[in-house]
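# Tertiary structure, described
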Amino acid sequence: MLKFVLNRLLMALPTIVLVSVTVFALIRFIPGDPAALMLGDMAQPDQIAAMHSELGLDKSLPEQFLIWTGNVVQGDFGRSIVNDEAVLPLVVSRFLVSAEIVVVAVLLASLIAVPAGVIAAWRQNSLTDLALVGTATILLSIPTFWLGLLLLLWFGLKLSWLPVLGYVSVGSNLTGGLLYLVLPIMTLVIHEMGVLIRMARASTLEVLRLDYITHARAKGLSESAVLWRHAFKNAFGPTWTVIGLILGNLLGGIAVIETVFTIPGLGRLMVDSIFARDYPVIQGCLLFVSLSYVLVNLVVDLLYPLFDPRVVAE
Amino acid sequence: MKNFTFNGLIGSILIAALLLSAALGLFWSPYDPMKLGFTARLEAPSSAHWLGTDEFGRDVLSRLLVGARASVWIGTLTVTFATVCGTLIGLVSGYARGWIDAVIMAVNNALLAFPGILLALGLLAVFGANQYGIIFALGIAYSPSMARVVRGAVLSLREREFIEASKVMGNGELYTMFRHILPNCVAPITVLATSMFGWAILSESALSFLGLGVPPPAPTWGNMLAAGRPFIEQAVWLGLFPGLAIALTLLGINLLGDALRDKLDPRMRGLK
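Bear in mind the structure is a predicted one, so any value in this text is a computation, not a measurement. Each chain carries its own residue numbering, running from 1 in the written order of its sequence. Lettering for chains starts from A, numbering for ligands starts from 1, and both go in the order in which the items are written. Totals for whole chains, interfaces and linings use all residues, but because this is a predicted model, local features are given only for residues with pLDDT of at least 70 and pairs of side-chain atoms are given and counted only at 80 or more. Remark: hydrogens and water are excluded; side-chain values derive from all non-hydrogen atoms of the structure.

The next thing to look at is the overall build of chain B. Strands are runs of DSSP state E lasting at least two residues, helices are runs of H or I lasting at least four, and both sets are numbered from the N terminus onward. Each helix and strand in chain B was counted, giving 10 helices and zero strands. Moving toward the C terminus, one meets the helices and strands of chain B in the order α-α-α-α-α-α-α-α-α-α. Once the C-alpha set of chain B is aligned to its principal axes, its extents read approximately 75 × 45 × 30 Å. Going through the 272 residues of chain B one by one, you find that 52% of them count as buried. Whether two residues are in contact is decided by their heavy atoms: any pair within 4.5 Å suffices. Put simply, 69% of the contacts in chain B that link residues at least 6 apart link residues at least 24 apart. Each residue gets one of three labels from its accessible area relative to the maximum for its type: buried under 20%, exposed over 50%, partly exposed in between, using a 1.4 Å probe on protein chains only.

Given below as structure tokens:
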């Protein structure tokens, strides 16, 4: 067990390093001189040179990378060019907004979609199965931003049940804050159900064909015992991995949902920073989200043996 | 198998409709998609404007047709870019093995460690938010998945006897690689490229929706939705039709992709 944990931790290490190098390199590829950008049009050459040495831009790239990494490790992600705010607290506060939506949505979607997928597999090729798979494929094909717009139009504008624009943090006003979260969460739940139903169904089908299921049935176990105690336990592993991937992908792609519902989350921060060419913030968002993605997948991997102890023995 | 033909048929019809609309939009549309008509703003669908007009009085159907062209064009170039780069990288990596493979795969995995369209967003900051910026950004973001799939196929192929035979016959490495290994990778490449076409169209419309894609006034389905958003209460059609176009396209690609996978990937057979 310890070996398994250490192994996974060691495997994550090079990924973390390479992701950091990529983020660092990406920002260096952006055309234009950050110092000139920060100082504006009226900057004199000696001011730009002074800013270069202040930002460390006069040093070699490997040196710059080491300095940058050192700062990042100490929690210093730099300051925003636009408003001189420290990047890390800004990114973290926006991340919390996005994370509450994404985590709740993935949890709800899994609770509905995984049983639905298992039942579809159990009744393969029945009307229930066709209906579930058909619905899942359609849900999968609806872009979240369009679905969000439609829900906004229906529940917000036509029925006036829910607030249309804006955001109140749940911390400051519990019921008011929750009302603003209903539509974005509903959008993501509906969309992700499509992926999860199909995944849960496919992995359950694979298990249901195995001999031990036939044996369990032959033994006279009830169908529900066969399905949930024997098949589901073995089938859940791949779905669990997909749940982790979805969680991370949503963090990366949350910008569109935040745009539809005007939520001040991490995705919106990143897009706004791209518009404003606020490189330290773009860099901070990229690094923060990609590292959380690596972390989420690591945690998913480490918890995997809970559902399938065989991986530890490998 | 009955299921396969039905899904494949619906998917093919939807994709054919997309390609036809794009081809049509290339040289004909009912109205000039860019022509402003201030007397005809936000008109509901009618016999004159089948899908209504937008906030500048432009014909929605004409803009959808021209938008289809943009989606297909960007999708095709992105997939071509990612397929060519990814296949070459995967071929070299899987065939060379050793330290070359290790280095290439390390970089590849680092790129794959970025979730969703995050890497594309970062690359857009580099290339600039326009049509070609999107193609490069998405193309680079998708290449690693292709490289991984091709490398996997090459690794299992290169141990097969007919590859051995080709070498024994004195064929060069490059000849063997392109004449014998590549043709046998076509199935997984086709399956992935089909899904990629869907990802590209979805990402392009999402980026245009965010304002990071093709800039207005040129119509794309994504920027039409974004522009129509403030008016959806008075003009439902502005929020309805561009999204429907994207959803039907993606549905077509998903159905066709499923059908292709069933046909080309024997391991998945019986699971559908």
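From this point, the discussion proceeds with the structure in view.
A word on the interface of chain A and chain B. Chain A puts 52 residues into the contact, and the matching count from chain B is 44 residues. Reported buried area values correspond to the accessible surface (1.4 Å probe) lost by two parts on association, with both partners' losses combined. Of the roughly 4,000 Å² buried between chain A and chain B on both sides combined, carbon and sulfur atoms contribute 75%. Interface area lost by chain A to chain B is led by Phe145, Trp146 and Leu149 of chain A, which between them contribute 15%. Criterion for a salt bridge: a side-chain nitrogen of Lys or Arg within 4 Å of a carboxyl oxygen of Asp or Glu. In this structure, the connection of chain A to chain B is made through one salt bridge. A salt bridge links Arg198 of chain A to Asp258 of chain B, with the nearest nitrogen and oxygen atoms 2.9 Å apart.

The subject of this paragraph is the environment of Ala141 of chain B. Turning to its location among the elements, Ala141 of chain B is positioned in helix 5 (residues 131–157). Apart from the residues within four sequence positions on either side, Ala141 of chain B is in contact with Leu119, Ala120 and Leu123 of chain B.

Attention now goes to the UniProt feature "transmembrane region" (unreviewed entry) in chain A. Residue and element names in this part refer to chain A. When the UniProt feature table is mapped onto this chain, "transmembrane region" (unreviewed entry) is found at residues 9–30, 95–118, 130–157, 177–197, 239–261 and 281–304. Structurally, residues 9–30 is divided into 95% helix and 0% strand, and its ends, taken at the C-alpha atoms, are 32 Å apart. Structurally, residues 95–118 comprises 100% helix and 0% strand, and the distance from its first C-alpha atom to its last is 33 Å. UniProt positions are given in the numbering used here, feature names are shortened, and annotations may be inferred rather than shown by experiment.

All names here are of chain B. Using the residue numbers shown here, the UniProt feature "transmembrane region" (unreviewed entry) corresponds to residues 70–91, 103–126, 132–150, 181–202 and 235–257. The distance from the first to the last C-alpha atom of residues 181–202 is 32 Å, and the span holds 82% helix and 0% strand. With 96% helix and 0% strand, residues 235–257 has end C-alpha atoms that lie 34 Å from one another.

Here we come to helix 7 (residues 173–181) of chain B. Residues and elements named next belong to chain B. Residues of helix 7 that are buried include every one of Thr176, Met177 and Ile181, and no others. Seen along its axis, helix 7 keeps its buried residues to an arc of 100°; they face one direction. Residues of helix 7 that are buried sit in contact with helix 2 (60–96), helix 5 and helix 6 (161–168). What the arc measures is the spread of directions leading from the helix axis to the C-beta atoms.

Where each domain starts and ends comes from a domain assignment, either automatic or drawn from a database. Looking at chain A, the domain boundaries give domain 1 (32–76) and domain 2 (87–277). A C-alpha centroid distance of 42 Å is found between domain 1 of chain A and domain 2 of chain A.

With that settled, the discussion passes to empty space enclosed by the protein. Residues and elements named next belong to chain A. Put plainly, a pocket is an open set of points on a 1 Å grid over the protein atoms alone with protein on both sides within 12 Å along at least five of seven lines, a cavity is a set where a 1.4 Å probe fits but cannot get out, and a lining residue has an atom within 4 Å of a point. Grid points are joined across faces, edges and corners, and a volume is the space filled by probe spheres set on the points. Within this structure, the stated rule accounts for three cavities of 30 Å³ or more. Here the largest cavity is characterised by a volume of approximately 60 Å³. Around the largest cavity, the lining comprises 10 residues; the ones closest to its centre are Pro163, Val164, Tyr180, Pro184 and Phe261. For this scheme, ten residues count as nonpolar: Ala, Val, Leu, Ile, Met, Phe, Trp, Tyr, Cys and Pro. Four count as charged, namely Asp, Glu, Lys and Arg, and the remainder, Gly too, count as polar. Tallied by class, the residues present in the lining of the largest cavity amount to nine nonpolar, one polar and no charged.

With numbering aligned to this structure, UniProt lists the feature "domain: ABC transmembrane type-1" (unreviewed entry) at residues 68–257 of chain B. Secondary structure across residues 68–257 of chain B divides into 81% helix and 0% strand, with the first and last C-alpha atoms of the span separated by 20 Å.

Before going further, it helps to spend a moment on the environment of Ile16 of chain A. All names here are of chain A. Here Ile16 shows up in helix 1 (residues 2–29). By relative accessible area, which is 32% here, Ile16 ends up partly exposed. In the structure, Ile16 is positioned 271 residues away from Leu287 in sequence and 9.6 Å away in space, judged by C-alpha atoms. The contacts of Ile16, once residues within four sequence positions are left out, are Leu291 and Val294.

Here the focus is the side chain of Thr137 of chain A. Its place among the elements puts Thr137 of chain A in helix 6 (residues 127–141). Each residue touching Thr137 of chain A, except ones within four places of it in the same chain, is listed here: Arg198 of chain A together with Leu251, Asn254 and Leu255 of chain B.

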